Amino acid sequence: MSSPLPSGPRGFSRRTLLAVSAAGLAALATGCTAAPADEREKATSQQADELGAQVAVQETVASAFVAAGAADPALAAEVADLAAQADEQLTRLRAAAPGASSSASAPVAGAPPAPETRAWLRAQVATAAASHATACLDQSGARAALLGSIAAGLSGQDGRLA
Amino acid sequence: MADDSEPGTLDQDTENAALREALGALHAAVWGYGVVGAALDAGSQGLAQASETALRDVRDQVVTLLTERRADPVRAEGAYSLPFPVLSPADAAALAVVLEDGVSAAWVRVLDQAEERTTRQLAMTALTATEVRAVGWRGTAGQTPVTRAFPGLPTS
C-alpha cells in the first residue's frame, strides 16, 4: 500500500489538479483571444457572428441585474457580487468579439416587484447560461473556453439564486 | 504518446492530451473526496458522496473515450499530496473547493484544445456540474463570493 500522503511534486495544486498549460489560456485571462498568427484562433465568419450574438446575450443578463435591483433594492444588495461578475463577463466577451455591435441598453423586460424579482432574475441568468453553453459547442479554441467558462459561472449564479 | 501536431492546430492529439489531463484531475479529485469525507461532519456527508459519485461517473466516461481511441488513459496514483492539512470540516470543505476548481481548470483546457463538438459537449456538461458543486462547497467553507465569473480560467 502506498503512502497516503506522499510529499513531492505530485501535489494537487501544482501538477495534477491544475495541469493547465498557461500558453493556451493565458490570452483569455487578459480578455484576448490568442495571437493573430495562431491559426486555430482564427474564427470563421459564422463563429464570429455567433460570438457577437453572445455579447448581446450577456448584455441582456447584465441589464437584468440592473432591472432587478431597481425593482427590489434589498435583492440588489444581496446580489451585488453576482452583478459585478456579470459585468466582468461582458467586458471579457466584448474584448473577445471586438467586431460585435454593442447596444447601449440591451432590451430586457421590466423586472417584477418583490417577491417575484428573484425568480425572474434567476430565469434570466439561467437562460443566458444555457445560451452560452450551446454557443460554446460551435466555437473552438480560446473562444470555446471563454464561453464555456462564462456559461459555467452563470450556472453557479443560478444555483446561488435558487 | 508524442504530440506530432503542428503548433497552433487543434486535432485529436491535442484533444486527447487535454482529456488525459482532465482524467488525471478526476483521479485526484476522486481520491481527494475520500479525505474530504473523512473530515466532514454528518450534515455534509451527502454532498460529499454525491460529488464523488458524479466525478467517478465522468471519470469512467473519459476512461472509456480514451480507451476507445487507444489514447492511453492515465491511471490513478496510489495517493496524492494535499495542499494543506485537513483537520476540520472547514478544511474538508476548502479541500473540496480545491478539488472542484482543479477539475474545472482541466475541463476548460479541454474546451480550449478539443477538435470534436461531442468532446466540447462532454466538457461543457462536466464543467457546469463542477462549478455548481464548487458553489456549494465554497459556501460550506465560508468563502465569499461563492460564485466565480470565470471558473476554470487562469486568473489574469
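### Some remarks on the overall build of chain B
Part 1: Each helix and strand counted, chain B has four helices and zero strands in total.
Part 2: If you list the helices and strands of chain B from N to C, you get α-α-α-α.
Part 3: With the C-alpha coordinates of chain B rotated into their principal frame, the extents come out at 50 × 35 × 25 Å.

### Here's the deal with the overall build of chain A
Part 1: From N to C terminus, chain A includes seven helices and zero strands.
Part 2: Mapped in sequence order, the helices and strands of chain A form the string α-α-α-α-α-α-α.
Part 3: Per-residue burial for chain A yields a buried fraction of 44% across its 162 residues.
Part 4: Sequence-distant contacts, at least 24 apart, represent 78% of the contacts inside chain A between residues at least 6 apart.

### As for the packing of helix H3 (residues 89–113) of chain B against helix H4 (residues 117–140) of chain B
Residues and elements named next belong to chain B.
Part 1: At a closest axis distance of 8 Å, the pairing of H3 and H4 adopts a crossing angle of 160 degrees. Between H3 and H4, the crossing angle belongs to the class labelled roughly antiparallel. Every pair of crossing elements has a handedness; the one defined by H3 and H4 is left-handed.
Part 2: Considered class by class, the residues forming the contact of H3 with H4 number 14 nonpolar, four polar and six charged.

### Details of the confidence of the model for chain B
Residue and element names in this part refer to chain B.
Part 1: Overall, the predicted model of chain B reaches an average pLDDT of 94, with 94% of residues at or above 70.
Part 2: Every residue in residues 1–5 is under pLDDT 50, and counting partners more than four places away or in other chains gives eight contacts.
Part 3: Both scores are given for the predicted complex: the pTM is 0.86, the ipTM 0.93.

### Some details on the nonpolar core
Part 1: Within the largest apolar cluster, 82 residues are counted, with the highest numbers of intra-cluster contacts made by B:Ala22, B:Trp107 and B:Leu111.
Part 2: Within the residue set of this core, elements represented by two or more residues are helix H3 (45–71), helix H5 (80–96), helix H6 (117–137) and helix H7 (141–161) of chain A together with helix H1 (12–39), helix H2 (45–68), H3 and H4 of chain B.
Part 3: Counting residues per element, this core draws most heavily on H3(B), which supplies 15 residues.
Part 4: Among residues more than four places away in sequence, those in contact with B:Leu111 are A:Cys136, A:Ala144, A:Ala145, A:Gly148, B:Arg120, B:Ala123 and B:Met124.

### Describing the environment of B:Asp101
All names here are of chain B.
Part 1: Summarising the element assignment, Asp101 is placed in helix H3.
Part 2: Overall, Asp101 belongs to the buried group, with 24 C-beta atoms counted inside 10 Å.
Part 3: The spacing of Asp101 and Tyr33 is 68 residues in sequence and 13 Å in space, taken between C-alpha atoms.

### Observations concerning the packing of H6(A) against H7(A)
Geometrically, a packed helix pair is captured by the angle between its two axes and the distance between the axes.
All names here are of chain A.
Part 1: Axis separation between H6 and H7 bottoms out at 8 Å; the angle between their running directions is 155 degrees. The orientation of H6 relative to H7 falls into the category roughly antiparallel. For the pair H6 and H7, the sense of crossing is left-handed. For the pair H6 and H7, the contacting residues are Arg118, Leu121, Arg122, Val125, Ala126, Ala128, Ala129, His132, Ala133, Ala135 and Cys136 in the first and Ala144, Leu147, Gly148, Ile150, Ala151, Leu154, Ser155, Gln157, Asp158 and Leu161 in the second.
Part 2: Across the contact of H6 with H7, the residue classes break down as 14 nonpolar, four polar and three charged.

### Remarks on the environment of B:Gly136
Part 1: Secondary-structure assignment places B:Gly136 in helix H4.
Part 2: Linking B:Gly136 and B:Leu47, residues 89 residues apart in sequence, is a C-alpha distance of 8.6 Å.

### Considering H6(A)
Part 1: Between its terminal C-alpha atoms H6(A) stretches 31 Å, which fits the 30 Å expected from 21 residues at 1.5 Å a residue.
Part 2: All of the buried residues in H6(A) are A:Thr117, A:Leu121, A:Gln124, A:Val125, A:Ala128, A:Ala129, A:Ser131, A:His132, A:Ala133, A:Ala135 and A:Cys136.

### Quick look at unusual backbone geometry
Part 1: Along the chain, A:Ala114 connects to A:Pro115 via a cis peptide bond; the corresponding omega equals 10 degrees.
Part 2: Along the chain, A:Pro115 turns up in the loop between H5 and H6.
Part 3: Cis geometry marks the peptide bond from B:Thr144 to B:Pro145; its omega dihedral reads -10 degrees.
Part 4: In this fold, B:Pro145 is placed in the segment after H4.
Part 5: Positive phi outside glycine occurs at B:Arg70, with the angle close to 55 degrees.
Part 6: Tracing the sequence through the fold places B:Arg70 in the loop between H2 and H3.

### Remarks on the confidence of the model for chain A
All names here are of chain A.
Part 1: Confidence in the prediction of chain A, expressed as mean pLDDT, is 78, and 69% of residues score 70 or more.
Part 2: Averaged pLDDT values for the elements of chain A fall to 37 in helix H1 (residues 12–16) and rise to 98 in H6.
Part 3: Low pLDDT, under 50, characterises residues 1–37; the stretch is placed with 87 contacts to residues that sit more than four places away or in other chains.

The rules behind the values
Residues numbered from 1 in each chain as written. Chains lettered and ligands numbered in written order. Predicted model: local features only at pLDDT ≥ 70, side-chain atom pairs only at ≥ 80, totals over all residues. Helix = DSSP H or I, 4+ residues; strand = E, 2+ residues; numbered from the N terminus. Buried ≥ 20, exposed ≤ 12 C-beta atoms within 10 Å, placed from the backbone. Contact = placed C-beta atoms within 7 Å. Axes fitted to C-alpha atoms, helices over the stretch in contact; angles between N-to-C directions. Parallel < 35°, antiparallel > 145°, perpendicular 65-115°, else oblique. Left-handed = near helix turned anticlockwise from the far one by under 90°. Nonpolar A, V, L, I, M, F, W, Y, C, P; charged D, E, K, R; others polar. pLDDT = per-residue confidence, 0-100. Core = buried A, V, L, I, M, F, W, Y, C linked by C-beta atoms within 7 Å. Expected span 1.5 Å × (residues − 1).

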